[in-house]
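A structural walkthrough
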Amino acid sequence: MKFEIFSKAKYLVLMNENGEIIEKRNNPALNSPMKRPAVAKECVELKANEVIAPHGSLCFPSYRILKKAGIKMLIANPGEDLRISNLKEVNMKEVIYSSFLAMKERITEH
């Protein structure tokens, strides 16, 4: 169970405040043309308080969806274990990087 970019992850994992996994769902991004925003919308629908997004996952639309819902956003590195404590606050540099990565994935279809 390691972090993977929103557009590529197999599952969306819900954890409680103690870090215990309470639910594991199929990632809605895998069947959506708007991959990262699909995950953000699912997090809003699930009434998440906090989203830990792997580096490269929070493109501008995703960031805007989560910010509007008042959800705290933290960044982890892809490949790290889900129960890490080395998280960073999201910033505009992250959003810009993620947005360019999302455009690249759409162009190259990867």
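Scroll up to find the structure.
The text that follows walks through the structure, step by step, so that each part is easy to find. Please read these numbers as outputs of a predicted model, since none were measured by experiment.

Focus on the packing of helix 1 (residues 35–45) against helix 2 (residues 60–68)
- Where helix 1 contacts helix 2, the two axes come as close as 8 Å, and the packing angle between them is 10°. Classified by the interaxial angle, the pair formed by helix 1 and helix 2 is roughly parallel. Between helix 1 and helix 2, the contacting residues are Arg36, Pro37, Ala40, Lys41, Cys43 and Val44 on the first element and Pro61, Ser62, Ile65 and Leu66 on the second.
- Among the residues forming the contact of helix 1 with helix 2, the class breakdown is 7 nonpolar, 1 polar and 2 charged.

Things to note about the pairing of strand 4 (residues 72–76)
- Across the 5 residues of strand 4, 4 count as buried, placing the element largely inside the fold.
- Pairing of strand 3 (residues 50–54) with strand 4 involves 5 bridges; the strand directions are parallel. Across the sheet, the residue bridging to alanine 53 is isoleucine 75, located in strand 4.
- For the crossover from strand 3 across helix 2 to strand 4, the handedness is right-handed.
- Sheet analysis places strand 4 next to strand 5 (residues 88–89), joined by 2 bridges and oriented antiparallel. By the bridge assignment for strand 5, leucine 74 is matched with glutamate 89.

Overview of the layout of surface pockets
- The computed volume of the largest pocket comes to approximately 870 Å³.
- As for the largest pocket, its lining consists of 31 residues, of which Val13, Leu14, Met15, Glu50 and Ile52 are closest to the centre.
- Within the residue set of the lining of the largest pocket, elements represented by two or more residues are strand 1 (11–15), helix 1 and strand 3.
- Sorting elements by how many residues they give to the lining of the largest pocket places strand 1 first, with 5 residues.

Thresholds, definitions, all that
- Residues numbered from 1 in each chain as written.
- Predicted model: local features only at pLDDT ≥ 70, side-chain atom pairs only at ≥ 80, totals over all residues.
- Heavy atoms only, no water.
- Axes fitted to C-alpha atoms, helices over the stretch in contact; angles between N-to-C directions.
- Helix = DSSP H or I, 4+ residues; strand = E, 2+ residues; numbered from the N terminus.
- Parallel < 35°, antiparallel > 145°, perpendicular 65-115°, else oblique.
- Contact = heavy atoms within 4.5 Å.
- Nonpolar A, V, L, I, M, F, W, Y, C, P; charged D, E, K, R; others polar.
- Buried < 20%, exposed > 50% of the residue type's maximum accessible area, 1.4 Å probe, protein only.
- Pairing = 2+ DSSP bridges.
- Right-handed = clockwise from strand over helix to strand, strands pointing away.
- 1 Å grid on protein atoms, 1.4 Å probe; cavity = no way out; pocket = protein on both sides within 12 Å on 5 of 7 lines; lining within 4 Å.
- Points joined across faces, edges and corners; volume = space filled by probe spheres on them.

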